[in-house]
Amino acid sequence: MNQVTNKTQNRVLVIGSGGREHALAWRLAQSTTVSHTFVAPGNAGTAREPNTENVDLAVNDFAAVINFCRANDISLVVVGPEQPLVDGLVDALSAANIACFGPSAQAAQLEGSKAFAKDFLLRHGIPTAAYGEFTDVLAAHQYLAKQSFPIVIKADGLAAGKGVVIAENLSQAQATVEDMLSDNKFGEAGSRIIIEEFLQGEEASYIVIADGQNFIPMATSQDHKARDNGDVGPNTGGMGAYSPAPVVTPEIDRQVAEHVIQATLDGMAQDGMPFTGFLYAGLMINAAGQAKVLEFNVRFGDPETQPIMTRLQSNLDQLCLAAIEGQLDQTEIQWDPRSALGVVMAEQGYPGAYGKGHEIQGLDQVTDEVKVFHAGTAQAGDAVVTNGGRVLCVCALDAELAKAQAKAYNAVKQITWGSEYYRTDIGFKAL
């Protein structure tokens, strides 16, 4: 291993400001091999963590990030969100000899372009939904006229988890196509769209840490994408998650590891863009126990990160450095055997328009057996205020998922800002 990994006390920079980044920074700060964690720009939650410091850094200014890393003796950068990955932050830092965990801009196209991902899946024989790709409204309408419903319509580019519409009938599908292609609802991200068959089954998130060739699975998890109880209402970035996910049986685990994850890593290497980083396959598992890929993310999922990080017992910095060095085949990972469950507290109106700046009460009432991860929060003097659609993710651990759920919801009830909204059924599929 190179010198970086042998440092007993790494100084780490986490890029991002959401719940995922708070969870990653919190876990990194607990590592026995990390002395200090910086978060750029971070949020009110990361500002309160021991040995953790928010830094006001424009993360799209790669030169500024490189200068900060050199001035602060940073031995590892972990990139949380997808945009800096797609924009090439890893390439810029790696070229400056700074260890940066995440995929190259080329490899990040797996998330940056739905068309790239679907084409890749088809080319390498990895199971996914049948689809068509369109930039022209008329061609899309002609395709829709021959399809059955419901059907899924996706903006090609990054749309912050919101560029996916499930159309129940032809008229809704046609209106969605016009919204995206003619009315520019998602801007550049929606100038090309994918229309794909609606897959029946149960969704699961399968996230691994990959080094270009080898991978180690993270704990399984299941997200709740719909805003409202019973999985209805508009699609969101995620309203809560739990880990492990019973839907991923040992047989499905083997199937996905071989036919999805390893096949993807092999395919990316063959195509000349080896994948290093967190690879997230969003799966649909049908009644026959067969898994198909719904989408790829090239970073950790949010809110899955929060319950998964509460279960991780290994040093996260060492896992990331081993991946950068292509040495995951010599690395082991340890998990807390208990179940973890996280409930997202959002602003009323999310994922549409919502207010900001409401003071959050009750954070100090939450007991130590619950961890509150901040997402859309900011510091206003001594107060913590809302600063996003998804505001907090309240996580609890217990040997029984039902007890973890009860602990999390008890804590949720202690916290208020007057316009909070949350689902009351997170974990219902497993329970």
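Report follows, based on the coordinates. Keep in mind that what you see is a predicted model, and the values were worked out from it rather than measured.

Reading the values: the criteria
- Along each chain, residues carry numbers from 1 onward, in the same order as the chain's sequence is written.
- Since the coordinates come from a predicted model, pLDDT governs what is reported: local features require at least 70, and pairs of side-chain atoms require 80 or more to be given and counted, while whole-chain, interface and lining totals use all residues.
- Side-chain calculation: all heavy atoms of the structure are included, whereas hydrogens and water are not.
- Three labels apply to residues, based on accessible area from a 1.4 Å probe with only protein chains included: buried if under 20% of the type maximum, exposed if over 50%, partly exposed otherwise in between.
- Helix and strand definitions here come from DSSP, where helices need a minimum of 4 consecutive H or I residues and strands a minimum of 2 consecutive E residues; each element is numbered from the N-terminal end.
- We treat two strands as partners when DSSP finds at least two bridges between them.
- Throughout, a residue-residue contact means that at least one pair of heavy atoms, one from each residue, lies within 4.5 Å.
- A pair of aromatic rings is counted whenever rings of Phe, Tyr or Trp (Trp by its six-membered ring) have centres within 6.5 Å, and the orientation is called stacked for planes under 30 degrees apart, edge-to-face for over 60 and tilted otherwise.
- For a Lys NZ or an Arg CZ to count as sitting over a ring, it must be within 6 Å of the ring centre and within 35 degrees of the ring normal.
- A carboxyl oxygen of Asp or Glu within 4 Å of a side-chain nitrogen of Lys or Arg is what we treat as a salt bridge.

Observations concerning the pairing of strand β18 (residues 339-347)
Turning to step 1, where the next piece is worked out: Burial within β18 is extensive, with nine of its nine residues counted as buried.
Turning to step 2, where the next piece is worked out: With four bridges joining them, strand β15 (residues 240-243) and β18 adopt antiparallel strand pairing. Residue pairing in the sheet places A241 in a bridge with G342 of β18.
Turning to step 3, where the next piece is worked out: Examined bridge by bridge, β18 and strand β22 (residues 390-398) share eight bridges and lie antiparallel to one another.

Concerning unusual backbone geometry
Turning to step 1, where the next piece is worked out: In this structure, P244 follows S243 across a cis peptide bond, with omega equal to 0 degrees.
Turning to step 2, where the next piece is worked out: Among the structural elements, P244 can be located in the loop between β15 and α11 (250-270).
Turning to step 3, where the next piece is worked out: Residue P303 is bonded to the preceding D302 through a cis peptide linkage, with omega at 25 degrees.
Turning to step 4, where the next piece is worked out: By the secondary structure assignment, P303 is in the loop between β17 (291-297) and α12 (305-311).
Turning to step 5, where the next piece is worked out: Phi at D73 is positive, roughly 55 degrees, even though this residue is not glycine.
Turning to step 6, where the next piece is worked out: Secondary-structure assignment places D73 in the loop between α4 (62-71) and β4 (76-79).
Turning to step 7, where the next piece is worked out: The phi dihedral of D231 is positive, around 60 degrees, even though this residue is not glycine.
Turning to step 8, where the next piece is worked out: Structurally, D231 can be placed in the loop between β13 (226-228) and β14 (232-235).
Turning to step 9, where the next piece is worked out: Judged by its relative accessible area of 27%, D231 is partly exposed.

Observations concerning the environment of A226
Turning to step 1, where the next piece is worked out: Turning to its location among the elements, A226 is positioned in strand β13.
Turning to step 2, where the next piece is worked out: By relative accessible area, A226 is classed as buried at 10%.
Turning to step 3, where the next piece is worked out: For the pair A226 and P351, spaced 125 residues apart in the sequence, the C-alpha separation amounts to 10.0 Å.
Turning to step 4, where the next piece is worked out: In this structure A226 touches D231, V232, G233, P234, N235, T236, M239 and R423, once residues within four positions along its chain are discounted.

Considering the packing of aromatic side chains
Turning to step 1, where the next piece is worked out: Within the structure shown, the criterion is met by six aromatic pairs.
Turning to step 2, where the next piece is worked out: Relative to F300, the ring of F278 lies with its centre 4.6 Å away and its plane at 65 degrees, an arrangement referred to as edge-to-face. Pair noted here: F278 is in strand β16 (residues 276-285) and F300 is in the loop between β17 and α12, with a separation of 22 residues, a long-range link. Each member of the pair, F278 as well as F300, is classed as buried.
Turning to step 3, where the next piece is worked out: Within the aromatic cluster, the residues linked to one another by ring pairs are F101, F278 and F300.
Turning to step 4, where the next piece is worked out: R27 extends its terminal NZ or CZ atom over the ring of W26, reaching a point 4.8 Å from the ring centre.

Observations concerning the pattern of salt bridges
Turning to step 1, where the next piece is worked out: Throughout the structure, instances matching the rule amount to 21 salt bridges.
Turning to step 2, where the next piece is worked out: Here K118 and E196 are joined by a salt bridge, their closest N and O atoms 2.7 Å apart. Of this pair, K118 sits in helix α8 (residues 114-123) while E196 sits in strand β9 (residues 193-197), and the two are 78 residues apart along the sequence.
Turning to step 3, where the next piece is worked out: According to the relative accessible area criterion, K118 is buried, its value standing at 4%.
Turning to step 4, where the next piece is worked out: For E196, a relative accessible area of 2% puts it in the buried group.
Turning to step 5, where the next piece is worked out: Residue K429 is joined to D231 by a salt bridge in which the shortest nitrogen-to-oxygen separation is 3.0 Å.

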